[in-house]
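Architecture and fold: a report
Single-letter residue listing:
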Amino acid sequence: GGGKTSCYRTLQRSMTELRQSGSANPEMQTVHTYVLNPKCISMGELYGEFNEITSEWKDGLASGLMRAAVSQTNSDRKWIVFDGPVDAVWIESMNTVLDDNKKLCLNSGEIIKLSAQMTMMFEVEDLAVASPATVSRCGMVYMEPISLGLEPYFISWLNTLPERVQSNPGIKQRLKKMGEKLLEEGTYFIRHDVVEPVVTVDN
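**A short note on the nonpolar core**
- Among the nonpolar cores identified, the biggest contains 24 residues, and M66, I80, F82, M94 and M120 are the most heavily contacted of them.
- Among the elements of the structure, β1 (31-36), α2 (43-47), α3 (61-71), β4 (77-83), α4 (88-92), α5 (95-98) and β7 (118-123) are those that each provide at least two residues to this core.
- The leading source of residues in this core is α3, at four residues.
- Contacts of M66, omitting those with residues within four sequence positions, involve I80, F82, M94, L104, I112, L114, M118 and M120.
- In terms of nonpolar packing, the next biggest core, distinct from the first, is built from six residues, Y8, M15, M28 and V81 among them.

So, in C-alpha cells, the structure goes:
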C-alpha cells in the first residue's frame with residue numbers, strides 16, 4: 001500500500017510515451033514489463049529443473065522470461081519484476097545476476113547473459129531475510145504507506161464510483177468535502193479510541 005506498483009507503472013508509461021512522441025533523450029525508450037511472483041512457485045518452476053524420470057531439462061518461468069528478453073535485440077527496455085516476498089533461497093540465486101557479471105547460471109550449465117536493455121526489479125514489502133550481499137547489490141527506492149497519506153486512496157475511490165455519481169458533480173463534490181473533513185479525524189479516532197476485533201491498516 002505504499003504506491004510501489006503505481007510508481008513503476010507511471011515511469012514505464014512516461015518513458016514509453018516520450019519515446020512515441022519522438023524524445024531526443026536516448027534513455028527514453030519503450031518499456032515492457034514481465035511480472036511474476038517468485039514465492040507462488042517452487043525453485044524448479046522458477047529457474048528450471050531436470051525431469052527426474054527422463055532427465056530432460058525443463059525451463060523455469062524466470063529463466064524463460066530472461067531468455068525471451070535477451071533474444072529481443074531492439075532498444076526497448078525490458079523490466080523483469082519480481083513482485084512478492086523475498087526468500088533467502090531464491091534471492092541468493094540472483095547474486096550473479098545482480099553483480100557486474102549480469103549472468104544467470106542455471107543448473108543445466110547454461111548461462112544467460114543479460115543485455116544492457118534489461119533491468120531486474122524486486123517489488124517487496126521488506127528485506128528481513130535478504131542477506132547483506134543481496135542488499136548491497138541493489139539500488140533501493142524506499143516507499144512507505146504513511147508518507148502517501150489517505151488522500152490518494154480517497155481520490156482513487158471517488159474515481160471508481162458508478163457513472164450516475166460521476167455525472168452528478170454535486171454528489172461527488174459533497175463526498176469529497178465529507179472525505180476531507182472526516183477521513184483523517186475518523187482514522188485518528190479508530191487508532192486511539194477504539195479496540196478493533198480485527199486489526200486494520202489505514203488504507
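**With respect to the packing of helix α8 (residues 151-158) against helix α10 (residues 169-193)**
- Their axes nearest at 11 Å, the elements α8 and α10 cross at an angle of 160°. By the angle between their axes, α8 is roughly antiparallel relative to α10. Crossing hand, α8 versus α10: right-handed. In this structure, α8 uses F154, I155 and L158 to contact α10, whose residues at the interface are K172, L175, K176, G179 and L183.
- Its residues placed into classes, the contact of α8 with α10 shows five nonpolar, one polar and two charged.

**A few points about the pattern of salt bridges**
- Applying the stated criterion to the full structure yields six salt bridges.
- When the shortest N-O distance is used, the salt bridge between D87 and K39 registers 2.9 Å. A residue pair is termed long-range when its members are at least 10 positions apart, and D87 in the loop between β4 and α4 and K39 in the loop between β1 and α2 qualify at 48 residues.
- Accessibility expressed as a relative area gives 42% for K39, which makes it partly exposed.

Each value, and the rule that gives it
- Residues numbered from 1 in each chain as written.
- Predicted model: local features only at pLDDT ≥ 70, side-chain atom pairs only at ≥ 80, totals over all residues.
- Heavy atoms only, no water.
- Core = buried A, V, L, I, M, F, W, Y, C linked by side-chain atoms within 4.5 Å.
- Buried < 20%, exposed > 50% of the residue type's maximum accessible area, 1.4 Å probe, protein only.
- Helix = DSSP H or I, 4+ residues; strand = E, 2+ residues; numbered from the N terminus.
- Contact = heavy atoms within 4.5 Å.
- Axes fitted to C-alpha atoms, helices over the stretch in contact; angles between N-to-C directions.
- Parallel < 35°, antiparallel > 145°, perpendicular 65-115°, else oblique.
- Left-handed = near helix turned anticlockwise from the far one by under 90°.
- Nonpolar A, V, L, I, M, F, W, Y, C, P; charged D, E, K, R; others polar.
- Salt bridge = Lys/Arg side-chain N within 4 Å of Asp/Glu carboxyl O.

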